[in-house]
Amino acid sequence: MAANGEFSFRSSGVKGRNNLPKIHTDKKASDESDICHDDSATPVKAQTLDELHSLQKKKSAPTTPIQAALGEFAEEDRHKQQMQSISASLASLTRETGPKVVKGDPARAAETPRVAPASHHHFEPTLDISDSGLKFTHILYNLSPAELYEQAIKYEKGSFITSSGALATLSGAKTGRSPRDKRVVKDETTDDLWWGKGSPNIEMDEHTFLVNRERAVDYLCSLEKVYVNDQFLNWDPEHRIKVRIVSARAYHSLFMHNMCIRPTPEELESFGTPDFTIYNAGQFPCNRYTHYMTSSTSIDVNLARKEMVILGTQYAGEMKKGLFSLMHYLMPKRGVLSLHSGCNMGKDGDVALFFGLSGTGKTTLSTDHNRYLIGDDEHCWSDNGVSNIEGGCYAKCIDLSREKEPDIWNAIKFGAVLENVVFDEHTREVDYSDKSVTENTRAAYPIEFIPNAKIPCVGPHPKNVILLACDAFGVLPPVSKLNLAQTMYHFISGYTALVAGTEDGIKEPTATFSACFGAAFIMLHPTKYAAVLADKMQKHGATGWLVNTGWSGGSYGSGSRIKLAYTRKIIDAIHSGELLKANYVKTDVFGLEIPTEIEGVPAEILDPANTWGNKEAHKETLLKLAGLFKKNFEGFLNYKIGTDSKLTDEILAAGPNFRI
């Protein structure tokens, strides 16, 4: 007999199988059990595999009751209220009530459905009964990234976990935005919008919007399940907007989970009715015979109804930029400036805004290891200071490398979404140089994935406003200090230059102007945003700068790109205040003030005229670019900026002077 009550083994003379001695077990007399247990671990408390699986996932801790005027709601009442709100969002315009909705995944073990009470809406109904009215629509509400991974991998073809842990997805036939298919309802609410030549706002009537809305809602309600995200825009609590996104794909739900601000459980309890709702039925096309439709894609915004409808495109960026356009409408009405810019803050609290079009270095220069990142793309400037509109970053991935962009590289991990990338089928390692699907490969991840992100994403009033231009003509200085009128002139112009290829291999720069460095997203006339920016810069003493990250010593093809190391030294000198103390000289034509020296930057490159070997070619190119600026600005000559004409006159005078 072994010690401690263990069984002992003895051999008897009786032979067992294969002529081996037969083993008998003896047990301690005090052991009353007749069953031999493996007591190395406690047995599970389950009789079936289903019971075992049910033990694997514990219920989330119940949330605290919300407060209301009539007292506290119990958890059950809160759930009904939440489902009723979602049912109202999904209500058809031709039925008295919203659809029957139930919370939870239909693929899980069946539970007794908790049906949302009938929710009425303000339209006079045409009563009918349809098949969709007899079914439940399962609501997958504010799922976690892990849950959305499971949904995407199980149900959405083209979804894979990459070697870094990110979720790789496909956006279908559309791999970018469709600006020509975006419409805004024109009514009495939108009389003050920017319409006509140069405007990104293409009109539609409300009837057509309602036709498309009905089509989207009917499609979503026909599905067995839809994803619902309730989230926020704007980290400034005073100007926060509640948004609801209803979508058919886990990919879209995870994308918006990352890009919008994620509410706490307590904030979610009191979320209530959203301020704006997106119906993303992008897998379903619009009817091309519907008035105003020019393709099977339609992105429609109705500001009066506070709704957006997406049909015929699965590109997730439509949701992000649609909400940005909304903020460009709502915030100026509150005296808040909405900005297409990057934003960072020094350790002493000095904030800088970075404006720039694609290829100017906005993301690269605003991401600085020595400064806190407030945001990389969308911001507001209110009386409280600056705030990020979003809760995440949407980074370009083409040719991404760990060496060039370590922060973005490291942010692409579990929870991040990778759009349209190509990866090894065995190792799942992403090849960021592969453009087989599209050149517009993207990563969406929460901003807290960036190590030096400032949470919450707010800061004091900006000290510096930096306008970035990649001048491929090679005639703008690497840096210029701007007065207020010049800042407004270049802000309204929104200049950069692209390099276009020709058949015989000769490449020449092409000027691109995008008002406010984001004309595709603004809702009001550019001069209205400029007026607010001028007021805030004057009030808070911000300095304007024009930084050229493009060419020096000649145009593209003859000159060379200004080294990133030099540009970083320039930006550092702006942040530190060193450039405010520098000596300046004024250039011809554009009248820009340029410093005579900057530590770490060769003095000869600070004045473009010194870097061109052919002075006549420099003069000719300079006048050519000035003419392009003048022609572009003709569209803004008849608009007053600010409360009087003084600033307007100063801005017009801040343009190029052709007498040299």
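Refer to the structure above for everything that follows.
None of these values were measured; they are calculated from a predicted model. (Residues numbered from 1 in each chain as written. Predicted model: local features only at pLDDT ≥ 70, side-chain atom pairs only at ≥ 80, totals over all residues. Heavy atoms only, no water.)

Draft legend 1. Expanded view of the sheet that holds strand β11 (residues 225-233). Pairing is mixed in the open sheet, where nine strands are placed in the order β5-β6-β11-β12-β13-β15-β14-β9-β10. Since the sheet does not close on itself, it has two edges, and those belong to β5 (100-103) and β10 (203-204), each with one partner. With two bridges connecting them, strand β9 (residues 182-185) and β10 associate as parallel partners. Within the sheet, the bridge partner assigned to V184 lies in β10 and is E203. Docked against the sheet, helix α2 (residues 75-89) engages β5, β6 (136-141), β11, β12 (241-247) and β13 (276-281), running at close to 135° with respect to β5. Against the sheet, helix α4 (residues 206-222) contacts β6, β9, β10, β11, β12, β13, β14 (298-302) and β15 (307-311), and its axis sits at roughly 65° relative to β15. (Pairing = 2+ DSSP bridges. Helix = DSSP H or I, 4+ residues; strand = E, 2+ residues; numbered from the N terminus. Contact = heavy atoms within 4.5 Å. Axes fitted to C-alpha atoms, helices over the stretch in contact; angles between N-to-C directions.)

Draft legend 2. View of helix α14 (residues 615-633). Between its terminal C-alpha atoms α14 stretches 27 Å, which fits the 27 Å expected from 19 residues at 1.5 Å a residue. Taken together, the buried positions of α14 are occupied by H618, T621, L622, L625, A626, F629 and F633. All buried residues of α14 project into a common sector of 135° when viewed along the axis, lining one side. Among the exposed residues of α14, those oriented more than 90 degrees off its buried face are E616, E620 and K631. Near the N-terminus of α14, the side chain that reaches the backbone nitrogen of E616, with its oxygen 3.2 Å away, is that of N614. (Expected span 1.5 Å × (residues − 1). Buried < 20%, exposed > 50% of the residue type's maximum accessible area, 1.4 Å probe, protein only. Arc of directions from axis to C-beta. Polar contact = N/O pair within 3.5 Å; in protein donor to acceptor, adjacent residues only side chain to side chain.)

Draft legend 3. Main features of the nonpolar core. L323, W381, I412, L418, Y445 and F590 are the most contacted members of the largest nonpolar core, which has 127 residues in total. It is helix α7 (residues 317-333) that provides the largest number of residues to this core, a total of seven residues. Other than its neighbours up to four places away in sequence, Y445 contacts N258, G392, C393, A395, I408, A411, A416 and I450. In terms of nonpolar packing, the next biggest core, distinct from the first, is built from 27 residues, I86, Y219, V228 and C286 among them. (Core = buried A, V, L, I, M, F, W, Y, C linked by side-chain atoms within 4.5 Å.)

Draft legend 4. Highlighting the side chain of S87. Within the secondary structure, S87 sits in helix α2. Here P99 takes part through its backbone oxygen, which lies 2.9 Å from a polar atom of the side chain of S87.

Draft legend 5. Main features of the sheet that holds strand β25 (residues 442-446). Within the open sheet, the five strands sit side by side as β7-β8-β22-β25-β21. Their pairing is mixed. Of all the strands in the sheet, just β7 (160-161) and β21 (392-396) have a single pairing partner and so form its edges. Packed onto the sheet, helix α5 (residues 250-259) meets β8 (167-169), β21, β22 (417-419) and β25 and runs at close to 120° relative to β22.

Draft legend 6. The pattern of salt bridges, seen in detail. The tally for this structure, following the rule as stated, stands at 16 salt bridges. Of the charged contacts in the structure, one is a salt bridge between D230 and R244, with a shortest N-O distance of 2.8 Å. Separated by 14 residues along the polypeptide, D230 in strand β11 and R244 in strand β12 bring together distant segments of the chain. Per residue, the accessibility class of D230 equals that of R244, and both read buried. A cluster of three or more residues bridged by salt bridges with shared partners is formed by K320, K321, K362, D377, E378 and E390. (Salt bridge = Lys/Arg side-chain N within 4 Å of Asp/Glu carboxyl O.)

Draft legend 7. How the structure looks around the packing of aromatic side chains. Under the criterion given, the structure shown has 17 aromatic pairs. A ring pair is formed by Y219 and F284, whose centres lie 5.0 Å apart and whose planes are at 10°; its orientation type is stacked. Of this pair, Y219 sits in helix α4 while F284 sits in the loop between β13 and β14, and the two are 65 residues apart along the sequence. Accessibility expressed as a relative area gives 16% for Y219, which makes it buried. F284 sits in the partly exposed class, given a relative accessible area of 29%. (Phe/Tyr/Trp six-rings, centres within 6.5 Å; stacked < 30°, edge-to-face > 60°.)

Draft legend 8. Layout of the packing of α5 against α7. At their nearest, the axes of α5 and α7 sit 10 Å apart, and the two run at 40° to each other. As summarised for this structure, α5 and α7 are arranged oblique, according to the angle between their axes. The hand of the α5/α7 crossing is right-handed. Residues H252, F255, M256 and M259 of α5 touch α7, and the partners they reach there are G317, M319, K320 and L323. Split into classes, the residues belonging to the contact of α5 with α7 amount to five nonpolar, two polar and one charged. (Parallel < 35°, antiparallel > 145°, perpendicular 65-115°, else oblique. Left-handed = near helix turned anticlockwise from the far one by under 90°. Nonpolar A, V, L, I, M, F, W, Y, C, P; charged D, E, K, R; others polar.)

Draft legend 9. Region of interest: the packing of helix α10 (residues 484-493) against helix α15 (residues 645-653). At a minimum axis separation of 8 Å, α10 and α15 run at an interaxial angle of 70°. Taken together, the axes of α10 and α15 lie roughly perpendicular to each other. Counting all contacts with α10, which are made through L484, A485, M488 and Y489, the residues of α15 involved are L647, E650 and I651. Counted by class, the contact of α10 with α15 contains six nonpolar, no polar and one charged residues.

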